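# Fold and contact review
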Amino acid sequence: MTINQNFRKYRSIWISDTHLGSRGCKAEFLLDFLQHNQADHLYLVGDIIDGWALRKRWYWDTFHDQILHLLFERAQRGTQVTYVSGNHDEFLRPFIHHRITAISLEDEVVHTTADGRKFLVLHGDQFDGVMQFARWLAVVGDWVYERLLVVNNVYNRLRRRMGYPYWSLSAYLKHKTKSAVNFISAFEETLAKEAKKRQLDGIICGHIHHAEIRDIDGVLYCNDGDWVESCTALVEEWDGSLHVVRWSAVNDSVKQIDALIPTNAVVV
């Protein structure tokens, strides 16, 4: 495996909501991130493979293949890779506590940081009232979201041709909508309460595509974001400190991503 010039090694990395298999996935950004960053512990925090999208229409390209190959290679070379299932890859939930080669499948785990803090790691859909009690509404919302991402992709191709960096239209609209902001806040507080109930120091999740680290009533809530809008990951430094990496903003190499064209994308 080639190590890039700007390669970083962390104690732990959390990524979620990559939605491999959907047209909204920023697979080229994710591959670039994985090629430049490594960790002793790598957590895939749900919605990594988008089963919902693949059931509707098959989409897979060389970036997707390279990502899976890299993940399996890292696991076989000693990286502790844990795949925590989400709602879009719920087809894996019957296989929790099993392994795919060297990758562990779980529904949730507890991670201990280098400074001794304990964090519950799960996707978060278990605490989403829409997912639990109005699944049909979640499916409709997912369809609307996919259409918005198509517009977002076209818009960003134009931006890059004009020399502007990546910008998420869908994330902007989400954060400007009062109901969405209220939903995010309620979701964060619910998960923080769950961690506190379990007497843990914090919680690490995904699901709502909104990267965040904040203290909620003495519990550290951490969301690693997504790879369809914000292209973010949560990382743990060797002293146990946590922070969000916004990959589209920190690595100049993503400016060249438009030149990478999948050679064998399969669409059904």
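Residues numbered from 1 in each chain as written. Predicted model: local features only at pLDDT ≥ 70, side-chain atom pairs only at ≥ 80, totals over all residues. Heavy atoms only, no water.

An unreviewed UniProt entry lists the protein under the name UDP-2,3-diacylglucosamine diphosphatase, with Thiothrix unzii as the source organism.

Moving on, we get to the pairing of strand S11 (residues 219–223). In terms of burial, S11 is largely enclosed, as five of its five residues are buried. Residues Val219, Tyr221 and Asn223 point to one face of S11 and Leu220 and Cys222 to the other, with burial holding for every one of them. With four bridges connecting them, strand S9 (residues 202–205) and S11 associate as parallel partners. Along S11, the bridge assignment pairs Ile204 with Cys222. (Buried < 20%, exposed > 50% of the residue type's maximum accessible area, 1.4 Å probe, protein only. Helix = DSSP H or I, 4+ residues; strand = E, 2+ residues; numbered from the N terminus. Pairing = 2+ DSSP bridges.)

It is worth spelling out the pattern of salt bridges at this point. On inspection of all chains with the given rule, the structure shows 12 salt bridges. A salt bridge links Asp40 to Lys9; the shortest N-O distance between them is 3.3 Å. Separated by 31 residues along the polypeptide, Asp40 in strand S2 (residues 37–45) and Lys9 in strand S1 (residues 8–15) bring together distant segments of the chain. Arg117 serves as the salt-bridge partner of Asp115, at 3.2 Å between the closest nitrogen and oxygen. (Salt bridge = Lys/Arg side-chain N within 4 Å of Asp/Glu carboxyl O.)

Now for the nonpolar core. Counting 35 residues, the largest nonpolar core has Ile13, Ile15, Phe33, Leu44, Ile67, Tyr83 and Trp227 as the members making the most contacts within it. For this core, the secondary-structure elements that each account for two or more residues are S1, helix H1 (27–36), S2, helix H3 (62–76), strand S4 (80–84), strand S6 (103–106) and strand S12 (232–236). Considering each element in turn, this core owes the most residues, six residues, to H1. Setting aside residues up to four positions removed in sequence, Ile13 forms contacts with Phe33, Asn37, Gln38, Ala39, His41, Leu42, Tyr43, Ala233, Leu234 and Val235. (Core = buried A, V, L, I, M, F, W, Y, C linked by side-chain atoms within 4.5 Å. Contact = heavy atoms within 4.5 Å.)

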